[in-house]
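What the coordinates show
Chain by chain, the residues run as shown.
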Amino acid sequence: MSKKLKLGVLVSGSGTNLQAIINACEHNSIDAQVVAVISNTEKAFALERAKKHKIPSFFISNGEHLEPLIINILKEKKVELVCLAGFMKLLSPSFIQEFPKQILNIHPALLPSFPGLHAQKQALEAGVKESGATVHFVDEGCDTGPILLQKSIPVHATDDLESLSQRILKVEHQIYPTAIQKIASASFK
Ligand code: GRF
């Protein structure tokens, strides 16, 4: 059996990116395996997705114990790559230092343009003709870390927030597994 990169996915919401990653793992299109899904939102649908696929899932409430508890789980599960997938909380510098160059995030814009919240709205309001999605390494800033992969799409004159967000989300689902595979192939070569 080929080696699999152990992924820990941090979520807060619906988890469609998590689902894209799980699907890619299960179809063997990437050399990776999700070994833990952790949410800071109790009702996140992402937790249901994890359970359906028999992936260990954890809810940890926000507060001073959030990060230490997440770190414990990630270490116990021997996670090699942490994937933020709609995790709505900035991680502290000490958390990031625990996993050097081992944390990825997906952002719904072409960074460095439109970091932070409501990226699709920011793009529409700026009137850009192209937007897209970015997978980047997480550093101590907000959406500032080194870019691993990006894909752009045109912004149509007829786009509204819903249509643009949906088209960007489709791109996210393509590029996140591809970005993970880049790391997997580099670590197993
Ligand atoms: C995505 O748009 C992602 O780029 C952003 O949060 C959203 C999460 O969506 N960081 P989902 O929970 O993966 O469906």
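A few points on the structure.

Definitions and cut-offs
- Chains are numbered independently. Their residues run from 1 in the order of the written sequence.
- Restriction of local features to residues with pLDDT of at least 70 applies here, the model being predicted, together with a cutoff of 80 or more for giving and counting side-chain atom pairs; totals for whole chains, interfaces and linings are based on all residues.
- Side-chain calculation: all heavy atoms of the structure are included, whereas hydrogens and water are not.
- The salt bridge definition used is simple: a Lys or Arg side-chain nitrogen within 4 Å of an Asp or Glu carboxyl oxygen.
- Numbering of helices and strands starts at the N terminus; helices are DSSP runs of H or I of at least 4 residues and strands are runs of E of at least 2.
- When a residue's accessible area, from a 1.4 Å probe over protein chains only, is under 20% of the maximum for its type it is buried; when over 50% it is exposed; and in between it is partly exposed.
- Think of a polar contact as two N or O atoms within 3.5 Å of one another; within protein, one of them needs to be a possible hydrogen donor and the other a possible acceptor, and neighboring residues in sequence only count if both atoms come from side chains.
- When checking whether two residues touch, look at their non-hydrogen atoms; a contact exists if any pair is within 4.5 Å.
- Being near a molecule or strand, for a residue, means having at least one of its heavy atoms within 4 Å of it.
- Side-chain classes follow a simple rule in which Ala, Val, Leu, Ile, Met, Phe, Trp, Tyr, Cys and Pro form the nonpolar group, Asp, Glu, Lys and Arg form the charged group, and the remainder, Gly included, forms the polar group.
- Nonpolar cores are built from buried Ala, Val, Leu, Ile, Met, Phe, Trp, Tyr and Cys residues. Side-chain atoms within 4.5 Å join them into one set.
- At least two DSSP bridges between two strands are required for those strands to pair.
- To obtain each axis, a line is fitted to C-alpha atoms, and for helices this fit is confined to the stretch in contact; angles are then taken between N-to-C directions over 0 to 180 degrees.
- Arc definition: it is the arc formed by the directions from the helix axis to the C-beta atoms.

Under the counting rule described, the total for this entry stands at four salt bridges. Across the pair Lys51 and Glu48 runs a salt bridge, and its minimum N-O distance is 3.9 Å. Of this pair, Lys51 and Glu48 both sit in helix H2 (residues 45-52), three residues apart, roughly one helical turn. The partly exposed category is assigned to Lys51, whose relative accessible area is 48%. A residue is classified by how much of its surface remains accessible, and Glu48, at 42% relative accessible area, is partly exposed.

Next up on the list: the side chain of Ser12. Considering the arrangement of structural elements, one finds Ser12 in the loop between strand S1 (5-11) and helix H1 (16-26). Separated by 2.8 Å, the side chain of Ser12 and the backbone nitrogen of Met88 make a polar contact. Residues contacting Ser12, with those up to four places away along its chain left out, are Ser39, Asn40, Thr41, Ala44, Ala85, Gly86, Phe87 and Met88.

What follows concerns the site of the ligand. In the vicinity of the ligand, the residues found are Ser14, Gly15, Thr16, Asn17, Gly86, Ile106, His107, Pro108 and Glu172. A distance of 2.5 Å separates an oxygen atom of the ligand from a polar atom in the side chain of Thr16. Asn17 is positioned such that a nitrogen or oxygen atom in its backbone is 2.8 Å from an oxygen atom of the ligand. Of all elements in the fold, only H1 and strand S5 (103-107) reach the threshold of two or more residues within the shell around the ligand. Class assignment for the residues of the shell around the ligand results in two nonpolar, six polar and one charged.

Let us now look at the nonpolar core. With 38 residues, the main nonpolar core has Leu7, Val34, Leu104, Tyr176 and Ile180 as its most contacted residues. If we skip the residues at most four places from it in the chain, Ile180 touches Leu5, Leu7, Ile21, Ile30, Ala32, Leu81, Cys83 and Leu104. Counting residues in hydrophobic clusters, the runner-up holds 20 residues, among them Ile73, Val79, Leu84 and Ile96.

With that settled, consider the sheet that holds strand S3 (residues 57-59). Strands sit in the order S3-S2-S1-S4-S5-S6-S7 across an open sheet of seven strands; the sheet is mixed. With one partner strand each, in any of the chains shown, S3 and strand S7 (147-154) form the two edges of the open sheet. Sheet twist, expressed as the mean angle between neighbouring strand axes with direction ignored, is 20 degrees. Of the strand pairs in this sheet, strand S4 (residues 81-84) and S5 are connected by three bridges, and their pairing is parallel. Bridge pairing links Val82 to Ile103 in S5. Contacts between helix H3 (residues 66-76) and the sheet are confined to S1, strand S2 (32-39), S3 and S4, with S2 contributing the most and set at about 160 degrees to the helix. Each of S1, S2, S4, S5, strand S6 (130-137) and S7 touches helix H6 (residues 161-188); the most contacted strand, S7, lies at about 155 degrees to it.

Residues of H3 that are buried include every one of Leu66, Glu67, Ile70, Ile71, Ile73 and Leu74, and no others. Down the axis of H3, the buried side of the element spans an arc of 165 degrees, and every buried residue falls inside it. Summarising the contacts, the buried residues of H3 are in contact with S1, S2, S3, S4 and helix H4 (93-98).

With respect to the helices, strands and loops of the structure, Asn40 is situated in the loop between S2 and H2. A polar contact is formed between the side chain of Asn40 and the side chain of Asn62, at a distance of 3.1 Å. Contact partners of Asn40, with chain neighbours within four places excluded, come to Val11, Ser12, Phe59, Ile60, Asn62, Leu66, Phe87, Met88 and Lys89.

A separate point is the environment of Lys182. Note on placement: Lys182 falls in helix H6. The exposure class of Lys182 is partly exposed, given its relative accessible area of 43%. Distance in space between the C-alpha atoms of Lys182 and Leu148 is 8.7 Å, their sequence separation being 34 residues. The contacts of Lys182, once residues within four sequence positions are left out, are Leu148 and Leu149.

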